[in-house]
Amino acid sequence: MIDNDSVIKLEDISFSYTGSDIQVLDHLNLEINKGDRIGLIAPNGSGKTTLLHTIMGLCKPDSGTIKVFGKILNNEKDFLQVRSKVGLLFQDSDDQLFCPTVLEDVAFGPLNLGFSRTEAIDIAEKTLKRLGIQLFEHSVTHKLSGGQKRLVALASVLAMEPEVLLLDEPTAGLDNKVKKKLIHILNSLDISYFVISHEFDFANAVTDKIYSMENGRILRDDEIHIHHHEHVHQHGKHPHIHK
Ligand SMILES: Nc1ncnc2c1ncn2[C@@H]1O[C@H](COP(=O)(O)OP(=O)(O)O)[C@@H](O)[C@H]1O
Ligand SMILES: [Mg+2]
C-alpha cells in the first residue's frame, strides 16, 4: 500500500564508513510526511550529514530501506530520480556551487532536468528574484560572501522545484541579517523540509517539531525534553534528556 502522505521513510537504516567500525547510523528510523517542517539538533559527529547523504544516495546503507514517495530506492537509477524531487542544501556552499557566475549556477539544475537554455535562464532569474538576490545574477560566485553563497546555493536547489528540501546547517557562519532572510524564505515555502541546525532559536523559528539524534538513531520530540538554558556539560546547547 502506498501512503500518499509519506515523503521520505527510512526503516532500520544502518551505516558505517568503509574501514571504520563506528556505526554512524544504527537501525535508524525517520519519517517525513507531506507538510512536515522538522528540525534536527544534535552534537557534531552525531551523523546528521551522513543521514542526509544516505537519503540522497551519496552514502549507501549497509541495511534497511529508504522509501521516497512510497517507493523503495534500490539502485542508482532510483536515486537519480529522487535527486530531482529532493533538494539538498549542502553544509558547505562551495560543494554546491561550481559555475563561474551566479546565474549559471542557478540555471545548472533546470538545464540538467532537460529545460532549454532560455527556459533554464528564465527559471534561474525568477528564482533569484524570488529570494531577493537578483542583483548578484552576474556576480562571480566564488567571490561572494558566505551568506550570499548560502542564498545562491539555496536558489540553485529551489530552481529545481524540489518536493522536499533537506538543509544541512544552513545558518552556519551567517550573520543575523542573512539568518533573518533565511527564516523568512523557509517560512514562505510550501514544501516539506528537514533542517539540521545548531541553533535552537533558528530551528524553532522555521519548524513545527524538533528531533535529536543519539547513538545513530533519531529521537523524536516526544522522546526528548527540549529546553534552552545555560549548561556546563557537553550537550548543553542541544536538546537532551536528563536521566
Ligand atoms: N567520509 C568519512 N569517512 C569516515 N568517517 C566519516 C566520514 N564522514 C564522517 N565520518 C564520521 O562519521 C561520524 C558522523 O559524521 P557526520 O555525519 O559528518 O556528523 P554530523 O553531521 O552530525 O557532524 C563522525 O564520527 C565522523 O567523524
Ligand atoms: Mg554535519
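(A) Representation of the pattern of salt bridges within the structure. Counted according to the given criterion, the structure contains 10 salt bridges. For Arg37, the salt bridge is made with Asp208, and the minimal N-O distance between the two is 3.1 Å. Of this pair, Arg37 sits in strand 3 (residues 37-40) while Asp208 sits in the loop between helix 7 (200-206) and strand 9 (209-214), and the two are 171 residues apart along the sequence. Note on Asp208: relative accessible area 56%, which makes it exposed. Among the ionic pairs, Lys149 bridges to Asp94, the shortest N-O distance being 3.0 Å. You can see Lys149 sitting in helix 5 (residues 146-158) and its partner Asp94 sitting in the loop between strand 6 (86-89) and helix 3 (102-112), a full 55 residues away along the chain. Relative accessible area serves as the criterion here: at 46%, Asp94 is assigned to the partly exposed category. A single salt-bridge network, built from bridges that share partners, covers Lys9, Glu11 and Lys67.

(B) View of the site of ligand 1. Contacts to ligand 1 come from Tyr17, Val24, Pro43, Asn44, Gly45, Ser46, Gly47, Lys48, Thr49 and Thr50. In this structure, an oxygen atom belonging to ligand 1 sits 2.7 Å away from a main-chain N or O atom of Gly45. Ser46 is positioned with one of its backbone polar atoms (N or O) 3.2 Å from an oxygen atom of ligand 1. Calculation on ligand 1 without its partners gives an accessible area of 560 Å², and the protein chains cover 57% of this total. Class assignment for the residues of the shell around ligand 1 results in 3 nonpolar, 6 polar and 1 charged.

What counts and what doesn't
- Residues numbered from 1 in each chain as written.
- Chains lettered and ligands numbered in written order.
- Predicted model: local features only at pLDDT ≥ 70, side-chain atom pairs only at ≥ 80, totals over all residues.
- Heavy atoms only, no water.
- Salt bridge = Lys/Arg side-chain N within 4 Å of Asp/Glu carboxyl O.
- Helix = DSSP H or I, 4+ residues; strand = E, 2+ residues; numbered from the N terminus.
- Buried < 20%, exposed > 50% of the residue type's maximum accessible area, 1.4 Å probe, protein only.
- Near = heavy atom within 4 Å.
- Polar contact = N/O pair within 3.5 Å; in protein donor to acceptor, adjacent residues only side chain to side chain.
- Areas by Shrake-Rupley, 256 points an atom, 1.4 Å probe, with all protein chains shown as cover.
- Nonpolar A, V, L, I, M, F, W, Y, C, P; charged D, E, K, R; others polar.

Limitation: the analysis is restricted to geometry and does not speak to function.
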